[in-house]
Amino acid sequence: MRPEVLDYELLVKARDWLSDRKHWIKNALFRGETIEVADATCALGALGKVMGTEEYDVIQSSHAYTLLVAALPKGNDDVPSYNDAQANHRGILGLFARAIKKAKELATAPLKR
């Protein structure tokens, strides 16, 4: 599987999780005993949940996270700060929509030979 397809799938799953307003929180990576059984996450935590990790470094080193950063509104360069200080639920879903759009473009682009 192309890595671009995996990025797309991770972002879609994270967005689908967060589409339920009850699953989105501010000021914490997740709420629950572990990220796997968390009942709510921030944007970064949603990506970690579908990746199966709560390690910031692992999540933030993923290409899917890079796509989220690139999709941030102008003047923002950090997903957790945007999630906690500026965004509402609709803003987070918009962030994922923009990242998913780019991931889909990359996943369906012809392979370079």
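Residues numbered from 1 in each chain as written. Predicted model: local features only at pLDDT ≥ 70, side-chain atom pairs only at ≥ 80, totals over all residues. Heavy atoms only, no water.

(A) Seen up close, the nonpolar core. If you look at the biggest cluster of nonpolar residues, it comprises 32 residues, and the most contacted ones within it are Leu11, Leu47, Leu68, Ile92 and Phe96. Contributing elements (two or more residues each) for this core: helix H1 (3-18), helix H2 (43-51), helix H4 (63-70), helix H5 (79-86) and helix H6 (89-108). Setting aside anything within four residues of it in sequence, one finds leucine 11 in contact with Leu47, Ala64, Leu67, Leu68, Phe96, Ala99, Ile100 and Ala103. (Core = buried A, V, L, I, M, F, W, Y, C linked by side-chain atoms within 4.5 Å. Buried < 20%, exposed > 50% of the residue type's maximum accessible area, 1.4 Å probe, protein only. Helix = DSSP H or I, 4+ residues; strand = E, 2+ residues; numbered from the N terminus. Contact = heavy atoms within 4.5 Å.)

(B) How the structure looks around the pattern of salt bridges. Under the defined criterion, the tally for this structure stands at four salt bridges. A salt bridge links arginine 15 to aspartate 16; its shortest N-O distance comes to 3.0 Å. Take aspartate 16: its relative accessible area is 41%, and that puts it in the partly exposed class. Linking lysine 22 and aspartate 20 is a salt bridge whose minimum nitrogen-to-oxygen distance equals 3.9 Å. Looking at lysine 22, the relative accessible area reads 61%, which means it is exposed. (Salt bridge = Lys/Arg side-chain N within 4 Å of Asp/Glu carboxyl O.)

(C) Representation of H2. Among the nine residues of H2, seven are classified as buried, and the element is accordingly described as predominantly covered. For H2, every residue scored as buried is listed here: Ala43, Leu44, Gly45, Ala46, Leu47, Gly48 and Lys49. Those residues of H2 that are buried are in contact with H1, strand S2 (40-41), helix H3 (56-60), H4, H5 and H6. Directly after H2, the chain includes glycine 52, whose backbone phi takes a positive value near 80 degrees.

(D) Fine view of unusual backbone geometry. Despite not being glycine, asparagine 27 shows a phi value in the positive range, around 65 degrees. Tracing the backbone shows asparagine 27 in the loop between H1 and strand S1 (30-31).

(E) Fine view of the packing of H4 against H6. Interaxial distance between H4 and H6 falls to 8 Å at its minimum, and their mutual angle equals 120 degrees. In this view, H4 runs oblique relative to H6, as classed from their interaxial angle. Two packed elements cross with a definite hand, and for H4 against H6 that hand is right-handed. Facing His63, Leu67 and Leu68 of H4, the residues of H6 in contact are Leu95, Phe96, Ala99, Lys102, Ala103 and Leu106. For the contact of H4 with H6, a count of residues per class yields seven nonpolar, one polar and one charged. (Axes fitted to C-alpha atoms, helices over the stretch in contact; angles between N-to-C directions. Parallel < 35°, antiparallel > 145°, perpendicular 65-115°, else oblique. Left-handed = near helix turned anticlockwise from the far one by under 90°. Nonpolar A, V, L, I, M, F, W, Y, C, P; charged D, E, K, R; others polar.)

(F) Quick peek at H1. Across its 16 residues, H1 extends 23 Å between first and last C-alpha, which sits within 8% of the 22 Å expected from 1.5 Å per residue. Along H1, the positions that sit buried rather than exposed are Asp7, Leu10, Leu11, Val12, Ala14, Trp17 and Leu18. In the core, the buried residues of H1 are packed alongside S2, H2, H4 and H6. (Expected span 1.5 Å × (residues − 1).)

(G) Focus on the packing of aromatic side chains. A full pass over the atoms with the stated rule returns zero aromatic pairs. For the cation-ring pair, lysine 49 lies above tryptophan 17, with the distance from its terminal atom to the ring centre recorded as 4.7 Å. (Phe/Tyr/Trp six-rings, centres within 6.5 Å; stacked < 30°, edge-to-face > 60°. Lys NZ or Arg CZ within 6 Å of the ring centre and 35° of its normal.)

(H) Local environment of the packing of H1 against H6. Orientation of H1 relative to H6, taken along the N-to-C sense of each, is 160 degrees, at an axis distance of 9 Å. In terms of orientation, H1 lies roughly antiparallel with respect to H6. Here the hand of the crossing between H1 and H6 comes out left-handed. Contacts from Glu4, Val5, Asp7, Tyr8, Leu11, Val12, Ala14, Arg15 and Leu18 in H1 reach His89, Ile92, Leu93, Phe96, Ala99, Ile100, Ala103, Lys104, Leu106 and Ala107 in H6.

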